[in-house]
Each structure stands twice: as structure tokens, then as C-alpha cells.
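Chain by chain, the residues run as shown.
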Amino acid sequence: MDSRRGVSREELKQGAVVLLAVLLVLGLVSAWSVLIPGVMNWDNMVVAVIGSLRLTGPVAAAFAAWVAARRRRAGRLRALTTWQALRPPLAILMVVVGSFAATMTVLTVRALLTGEDNGPLPGGVALGAAGLSLYVVAGWVVGWLAPVAVAPLVAGFGTYALFTWVAGGAPWADRLAPAVREPYDALRMLPAAALTDQALWLVGITAAILLGWAAFITRQALALAAAMVALLAAGTGVARLLSEPQEVAASENLAYTCQEWPIVVCVHPGMRGGLGELGGTFTTIAARLAGTPAAFNRVEQRSRSETDKTGKGVVPIYVDDLDPGYADRAASEFVEGLARPCPGSPADGYRAIVVAWLRDEPLPSGPLPEHRRAATWFAHLTETQRRDWLRMFYTDFATCRLQSGFFGGEVIGRNAGGGAGGEVGREAPAAPRYPVNPPFEHETPAPPAVRSPSASAGQIPGETAGRTPGVH
């Protein structure tokens with residue numbers, strides 16, 4: 001039909017159906033991409049739906065701009081009442097918010113099927129609907145002010161660029177955008193009050209823009225007065241929003257889901273599906289670190305942005321998602337933090353041997369011959385002997401002072417007594433070896449064990465000679 005006639009009722013209905021289907025598919029796909037893998041809780045779901053606005057919003061803005069530009073090009077300059085002016089954009093808003101509600105319904109059903117109770121935060125749902133409405137109104141105004149063929153593209157790409165830039169800007173500015181800051185963290189969420197205030201701001205500014213446009217084209221004072229009231233509501237939302245803390249640590253008042261045996265492992269309730277694998281992985285590490293300064297009996301999932309120290313015997317872990325390998329990633333990050341790295345020094349090769357054992361990985365051969373000999377020697381120890389060895393030499397492991405003498409070789413640069421106060425770089429007499437010398441097939445039976453550099457004469461790790469073997 002001739003574009004000068006605007007958009008017919010049939011065209012509008014067909015376009016609304018297509019828009020509803022497109023927004024529903026885009027909303028589900030983009031929300032699924034934002035959902036933290038393996039995590040199912042209401043907060044995560046609300047954040048995902050809000051995150052989907054980055055795709056669905058520009059599409060809705062482009063459609064609104066297309067309708068507005070067609071109506072403007074029709075040249076209908078007759079006097080309009082406020083309701084006649086508002087009816088088309090409100091019809092588009094109903095379709096768009098309907099698609100948002102459909103997306104929310106699908107995710108809600110998924111949450112209910114996984115056993116989630118309670119329900120999503122009302123403020124979060126309102127924030128998503130209000131943010132999508134802002135996209136529509138912005139697109140409508142762009143299409144009306146610039147009734148050209150490229151208006152939908154300008155509205156779509158323009159709103160995408162604008163709100164993405166605002167969301168990634170200063171901490172105070174990102175609250176004004178219909179989005180949430182990335183990366184999404186199950187343990188770092190916006191407080192409920194902030195969600196409500198952000199929704200109030202978005203509803204207020206959307207209504208102010210739409211009513212202001214209606215007042216401009218109808219010259220109705222009542223529409224202008226309503227726009228001022230909406231602007232006042234938006235200002236109230238901003239004032240309240242900027243006075244709220246940006247985010248709170250969920251772990252501060254979170255009712256953890258825990259597995260109590262053989263060690264206590266606690267995670268976000270939405271990640272309870274990972275308890276079994278995390279428990280098995282960290283139980284092995286806890287057994288190997290028993291008796292060392294790093295011994296622990298409780299593991300708690302924490303947010304990476306938290307700086308609070310944990311109590312004695314409590315280990316903070318960082319589980320960003322439940323993608324395959326999540327337990328190994330958390331364990332590797334924890335173990336790597338036990339000992340400071342020492343790149344470029346021989347001690348780094350010995351450190352890698354201990355780290356690999358703690359991570360339950362194959363022992364590395366290392367870049368030097370002495371590293372390969374140490375790995376072979378350490379591999380022939382029993383599990384109990386390795387744990388005794390770590391209790392004896394934990395301080396050297398943690399401070400990057402491991403030497404070949406700790407793996408059946410000679411200790412250079414330490415006093416014969418094994419104290420830490422020896423002069424580094426000064427050759428000392430050959431130090432006694434670790435009291436376990438595993439037999440190799442090509443060797444004769446192992447010689448009698450002698451004392452370790454840090455053990456009392458004749459003392460074998462694991463035995464008590466006046467005291468329990470301590471940290472070297």
C-alpha cells in the first residue's frame with residue numbers, strides 16, 4: 001500500500017504477531033545465554049531476563065520507529081486528542097510487554113520444575129518490563145521525529161549503543177540503564193530496594209518522554225502536566241537509587257546449602273547440584289593438607305569481589321558456574337594460591353610437583369634433570385608418606401624454597417641441622433635425606449632411613465618423638 005496512508009490495521013496486527021514471536025525467541029535465547037550455567041534460582045533468572053533486553057530492546061525500538069515513521073509520513077496533521085496520539089505507541093507497548101511476560105513465564109516454569117519455591121523479586125520483574133518500555137518509547141520518538149526509511153535502523157542500533165555505553169559506564173550511571181552490570185555473579189546481587197527504585201526511574205522517564213511527545217503534538221496542557229508528574233517520579237527514583245548501595249554480598253546473609261561430611265562444603269542454594277563433586281574434590285585436598293598451616297575442614301563459596309577474611313579452618317572458593325570441570329577449576333585456583341609462584345628458579349619445578357599432587361594430576365617432569373628425578377622419587381612414595389613429607393616441608397613449599405635435597409637429594413645452602421636460618425648460596429655439608437627411599441626395580445633394597453633436615457635424629461614422619469612433626 002502507499003506509505004502516505006500510514007499503517008493499516010491489518011499491517012499492524014500482522015506486524016504485532018511477528019514482533020511477539022521474534023521477541024519471545026530472542027528473549028529466551030538471550031536469557032539462556034545470560035543464565036549462569038547450572039545455577040537455578042530466582043535471582044539468576046531475573047538477571048537473565050533483564051540481560052535479554054540488550055537484544056529484545058533494540059528490536060522493539062526498531063519496530064516502534066517503523067510504525068511511527070509510517071504514521072508521520074502519512075501526513076495526518078489533523079488535531080488529535082491525547083488518547084488518539086497515545087493509542088498507537090501504547091498498543092506496541094502492550095505487545096512488547098506481553099512478549100516479556102511470555103519469556104518470564106517460560107523461565108518461571110523451568111524454575112518451578114527444578115523445585116524453586118518463593119518467586120522472583122517483583123522489583124526485578126518490573127525493572128525488566130519498564131526497561132523494555134523505554135526502548136519502545138525511544139524508538140517511537142525517533143521514528144516520529146525522523147520519518148525516513150532508515151529510522152528503524154537508527155532507532156535499533158542507536159538504543160543498543162546508547163544503553164550499552166551507559167551500562168558499562170560509571171557505577172552511578174549504569175543504574176540508569178535498563179540493564180545489570182556484568183559479569184553476573186550469583187553471590188553479588190542488587191538489593192531488592194535498588195531494583196524497585198530503578199524500575200521507578202525507568203517507568204517515570206518512559207512516561208515523561210511519551211507524555212511530553214503527546215503534549216508536543218496535541219498542544220494539550222493536561223498531557224504536559226502529566227509529563228511533569230512522571231518526570232518528578234523519575235527524579236524520585238534516581239534520588240533513591242543513588243542513595244542505595246549498588247550491590248550486596250549474598251553470602252553476608254545467605255542461607256547456604258551445605259554438605260556436612262566428610263568435610264563441610266557450602267554453596268549458593270542455586271548451585272546445590274555441585275555439592276557432590278566439590279565435596280569429593282576438596283575432601284582429597286583437605287586430607288593432604290591435614291597437619292599443615294593450610295589445613296581446613298570447611299569450604300564456602302564466596303564472591304570474587306569480597307575482601308573479608310575467613311575464619312581458621314575455612315577455605316573460600318570461587319565457583320562462577322557449573323560448567324563441566326567447575327570443581328577442578330575451583331580446586332586449581334585454591335591450590336595455586338597456597339604457594340607463591342617462583343618463575344625462572346629451580347624451586348618452581350619442585351613447587352609444580354607438589355601442586356600437581358594436591359590437584360590430583362600427573363606429576364610434571366620439569367625442565368631440569370633434577371626435577372625429573374624429584375618427580376620420579378615423589379611418585380614412588382605412598383600417599384601417607386607424601387602427606388608426612390608435606391607436613392615437614394610445607395613452609396618451604398609455600399615460600400618457594402624447595403630444593404633437590406627435599407626429594408632424596410642433597411640440600412645446598414642450608415645448615416646441616418636443616419634450620420631455615422642457614423646462609424643461602426653457601427654450600428653446606430650434605431644434608432640427611434628424607435627418611436623414605438622407595439625401592440626401584442633396578443635398585444638394591446633401600447638403605448636404612450635417616451633423619452630429615454627438619455626432624456629429630458632417627459625420627460620418621462608420622463611418628464612421635466617428643467612432638468608431632470611440624471612445619472619445616
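Residues numbered from 1 in each chain as written. Predicted model: local features only at pLDDT ≥ 70, side-chain atom pairs only at ≥ 80, totals over all residues. Heavy atoms only, no water.

Next up on the list: the nonpolar core. Membership of the largest hydrophobic core comes to 52 residues, with the highest contact counts inside it found for Ile92, Val96, Val136, Trp140 and Trp213. Among the secondary structure elements, those contributing two or more residues to this core are helix H1 (9–34), helix H2 (42–51), helix H3 (53–73), helix H4 (82–113), helix H5 (122–145), helix H7 (192–218) and helix H8 (221–243). Here this core gets eleven residues from one element, more than from any other, and that element is H5. Beyond its immediate sequence surroundings of up to four residues, Val96 is in contact with Leu19, Leu23, Ala60, Leu132 and Val136. One finds Ile36, Phe334, Phe378 and Ala398 within the second-largest nonpolar core, a separate group that totals 47 residues. (Core = buried A, V, L, I, M, F, W, Y, C linked by side-chain atoms within 4.5 Å. Buried < 20%, exposed > 50% of the residue type's maximum accessible area, 1.4 Å probe, protein only. Helix = DSSP H or I, 4+ residues; strand = E, 2+ residues; numbered from the N terminus. Contact = heavy atoms within 4.5 Å.)

One pass over the full model with this rule turns up two disulfides. Bridging Cys258 to Cys266, the disulfide has an S-S length of 2.1 Å. Its S-S torsion of about 110 degrees marks the bond between Cys258 and Cys266 as right-handed, since a negative value means left-handed. Put simply, Cys342 and Cys400 are joined by a disulfide, and their sulfur atoms are 1.6 Å apart. (Disulfide = S-S within 2.5 Å.)

Reading across from one edge, E3-E4-E5-E6 is the order of the four strands in this open sheet, with mixed pairing throughout. Only two strands of the sheet have a single neighbouring strand rather than two, namely strand E3 (257–259) and strand E6 (314–317). Across the sheet, the mean angle separating the axes of adjacent strands is 20 degrees when strand polarity is ignored. Sheet topology places E3 next to strand E4 (residues 264–267); three bridges connect them, and they run antiparallel. Looking at the pairing, Cys258 lines up with Cys266 of E4. (Pairing = 2+ DSSP bridges. Axes fitted to C-alpha atoms, helices over the stretch in contact; angles between N-to-C directions.)

Attention now goes to the packing of aromatic side chains. One pass over the structure, following the stated rule, counts 16 aromatic pairs. A centroid spacing of 6.5 Å and a plane angle of 20 degrees characterise the contact between Trp140 and Trp144, whose relative ring orientation is stacked. Placement of both Trp140 and Trp144 in helix H5 is noted, with a separation of four residues, approximately one turn of the helix. Of the two residues, Trp140 and Trp144, both sit in the buried class. The residue whose ring lies beneath Arg219 is Phe216, and the NZ or CZ to ring-centre distance is 5.2 Å. (Phe/Tyr/Trp six-rings, centres within 6.5 Å; stacked < 30°, edge-to-face > 60°. Lys NZ or Arg CZ within 6 Å of the ring centre and 35° of its normal.)

This brings us to unusual backbone geometry. With an omega of 0 degrees, the peptide bond between Trp261 and Pro262 qualifies as cis. Within the secondary structure layout, Pro262 lies in the loop between E3 and E4. In this model, Arg219 sits at a positive phi of 60 degrees, which is unusual for a non-glycine residue. Within the secondary structure layout, Arg219 lies in the loop between H7 and H8. Positioned with a positive phi, Cys400 is a non-glycine residue whose angle comes to about 65 degrees. Note that Cys400 resides in the segment after helix H13 (383–398). Note on Cys400: relative accessible area 15%, which makes it buried.

Let us now look at the confidence of the model for the protein. Here the protein averages 76 in pLDDT, while 75% of its residues score no lower than 70. Of all helices and strands in the protein, the one with the weakest mean pLDDT is strand E2 (residues 248–249) (52), whereas H13 scores best (90). Taken together, the stretch residues 1–5 has pLDDT below 50 and engages in eleven contacts with residues farther than four places along the chain or on a different chain. This stretch, residues 410–472, has a pLDDT under 50; its non-local contacts, to residues over four places away or in other chains, come to 109 contacts. (pLDDT = per-residue confidence, 0-100.)

Attention now goes to the environment of Leu176. With respect to the helices, strands and loops of the structure, Leu176 is situated in the loop between helix H6 (151–167) and strand E1 (188–189). Judged by its relative accessible area of 22%, Leu176 is partly exposed. A C-alpha to C-alpha distance of 7.0 Å links Leu176 and Gln198, two positions 22 residues apart in sequence. Among all residues touching Leu176, those that are not within four sequence positions of it are Trp201, Leu202 and Val238.

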